[in-house]
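So you can see what is in the structure, the chains are spelled out below.
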Amino acid sequence: MSVRILQFGTTGQVATELVRQAPRHAVDLTALSRAEADFIDPQACAARVAEHRPDLVVIAAAFTAVDQAESERELAFRINAETPGAIAHAAQAVGAAVVSFSTDYVFAGDKGAPYVEDDATDPLSAYGASKLAGEAAVLAACDRALILRTSWVVSAHGRNFVKTMLRLAGGDQPLKVVDDQFGRPTAAADLASFVLANAARLAEAPAGDPVFGVHHFANAGEVSWKGFAEAVFADALGPAAPPVGAIRTAERPAPAQRPLRGTLDTGKLERTFGVTLRPWRTALSDILAELKVSA
Ligand SMILES: NC(=O)c1ccc[n+]([C@@H]2O[C@H](COP(=O)([O-])OP(=O)(O)OC[C@H]3O[C@@H](n4cnc5c(N)ncnc54)[C@H](OP(=O)(O)O)[C@@H]3O)[C@@H](O)[C@H]2O)c1
């Protein structure tokens with residue numbers, strides 16, 4: 001029997017992949033656009049859940065403009081915390097499970113090792129704080145909620161680092177990329193296929209099942225933004241790859257502070273769900289092939 005999924009968000013990286021891959025899975029997915037469910041209005045979004053009465057709710061919409069969140073803190077908290085909480089409350093009322101996404105930016109990045117789920121959170125930015133508040137709101141409202149903390153999401157569509165680097169590669173300015181921030185790039189396609197492959201399990205699992213709670217999801221391997229840029233160019237442009245200069249985070253001030261090493265340890269998710277997350281380089285090759293820019 002197919003799992004009835006109600007998805008919030010249609011245009012984002014993860015939302016796009018969920019919609020695209022859904023036909024390959026035993027799911028019946030309805031995705032609501034911003035026009036159909038604007039996160040500015042928590043109660044209107046909750047009402048969509050009550051109307052649809054799905055088996056599983058996937059929250060793929062979010063305020064993801066990290067620097068902008070510093071000056072629009074209230075809006076970021078509404079969209080990333082209050083509305084997800086209201087949606088989760090409505091899901092609980094109709095007996096639906098919930099999947100929501102969070103970020104490595106809930107951590108300060110000074111642990112000196114990859115973060116596990118129980119490590120102390122200490123967001124450095126309004127965005128990170130709003131996502132952390134969203135985790136708490138969803139978990140408090142629904143006892144069958146999975147929070148997938150992820151990092152450095154990339155795909156062939158939307159706005160992301162891979163596409164930005166490919167655009168800059170053609171320019172006449174020398175490239176300088178931050179070399180003291182480390183993390184794990186993650187393909188939106190991998191996140192989406194994980195959620196869809198586990199939809200039935202999540203829809204059926206009782207409260208207290210280990211599939212619920214916070215889990216970390218990221219492609220395998222740690223890299224700096226500079227290393228990531230070099231990999232993009234090596235794969236996409238081969239011998240024509242431009243040189244990549246290094247710049248320190250402190251030399252490039254931005255409104256929001258980022259963790260220097262928010263790297264996520266994904267062992268808990270891999271054990272609980274019986275999956276092995278593939279290397280980010282393999283995932284990157286697939287994205288570049290889709291963009292048809294492999295060297
Ligand atoms: N991107 C990353 O590197 C990254 C890293 C860690 C965690 N995450 C988390 O992963 C999840 C998915 O991220 P993503 O990269 O797929 O996001 P994204 O590509 O930036 O897309 C954000 C989505 O949210 C929608 N949205 C924004 N404001 C809205 C509102 N007021 N009402 C309804 N929809 C609204 C956008 O719709 P419009 O097109 O209408 O604006 C868009 O569909 C998010 O929870 C994010 O916090 C992302």
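Now for a quick tour of the structure. (Residues numbered from 1 in each chain as written. Predicted model: local features only at pLDDT ≥ 70, side-chain atom pairs only at ≥ 80, totals over all residues. Heavy atoms only, no water.)

On to the nonpolar core, then. F8, F39, V49, V57, I87 and V98 are the most contacted members of the largest nonpolar core, which has 33 residues in total. Mapped onto this core, the elements with two or more residues apiece are β1 (3–8), α2 (42–52), β3 (56–59), α4 (73–94), α5 (126–141) and β5 (145–150). Per element, the largest residue contribution to this core is eight residues, and it comes from α4. Setting aside anything within four residues of it in sequence, one finds F39 in contact with F8, C45, I59, A61, R78, I79, T83, P84 and I87. The next biggest cluster of nonpolar side chains, apart from the first, holds 31 residues, and it includes A22, A203, A205 and L269. (Core = buried A, V, L, I, M, F, W, Y, C linked by side-chain atoms within 4.5 Å. Buried < 20%, exposed > 50% of the residue type's maximum accessible area, 1.4 Å probe, protein only. Helix = DSSP H or I, 4+ residues; strand = E, 2+ residues; numbered from the N terminus. Contact = heavy atoms within 4.5 Å.)

With their axes 8 Å apart at the nearest point, α2 and α4 run at an angle of 30° to one another. Overall, the two elements α2 and α4 adopt an arrangement that is roughly parallel. Note that α2 runs across α4; the crossing there is right-handed. Counting all contacts with α2, which are made through P42, Q43, C45, A46, V49 and A50, the residues of α4 involved are R78, E82, T83, A86, I87, A90, A91 and V94. (Axes fitted to C-alpha atoms, helices over the stretch in contact; angles between N-to-C directions. Parallel < 35°, antiparallel > 145°, perpendicular 65-115°, else oblique. Left-handed = near helix turned anticlockwise from the far one by under 90°.)

Turning our eyes to something else, we now look at the side chain of S224. Examined against the element boundaries, S224 turns out to sit in strand β11 (residues 223–224). Classification of S224 by relative accessible area gives buried; the value is 9%. Non-local contacts of S224, meaning those with residues more than four positions away in its chain, are made with W152, V178, D179, Q181 and F182.

Turning our eyes to something else, we now look at the pairing of strand β2 (residues 27–32). When β1 meets β2, the two strands line up parallel, connected through six bridges. In the sheet register, F8 faces β2, and the bridge partner there is L32. For the crossover that starts at β1, traverses helix α1 (residues 13–21) and ends in the parallel β2, the hand is right-handed. (Pairing = 2+ DSSP bridges. Right-handed = clockwise from strand over helix to strand, strands pointing away.)

A separate point is the site of the ligand. Taken together, 21 residues lie near the ligand, and T11, R34, T64, Y127 and K131 sit nearest. With respect to the ligand, the backbone of V14 contributes an N or O atom lying 2.9 Å from an oxygen atom. Here an oxygen atom of the ligand and a side-chain polar atom of Y127 are 2.7 Å apart. When the free accessible area of the ligand is taken as 910 Å², the share hidden by the protein chains comes to 82%. Contributing elements (two or more residues each) for the shell around the ligand: α1, β4 (97–103) and α5. At three residues, β4 tops the list of elements feeding residues into the shell around the ligand. Of the residues in the shell around the ligand, the class split is ten nonpolar, eight polar and three charged. (Near = heavy atom within 4 Å. Polar contact = N/O pair within 3.5 Å; in protein donor to acceptor, adjacent residues only side chain to side chain. Areas by Shrake-Rupley, 256 points an atom, 1.4 Å probe, with all protein chains shown as cover. Nonpolar A, V, L, I, M, F, W, Y, C, P; charged D, E, K, R; others polar.)

Without other data, these values stay purely geometric and don't point to any function.
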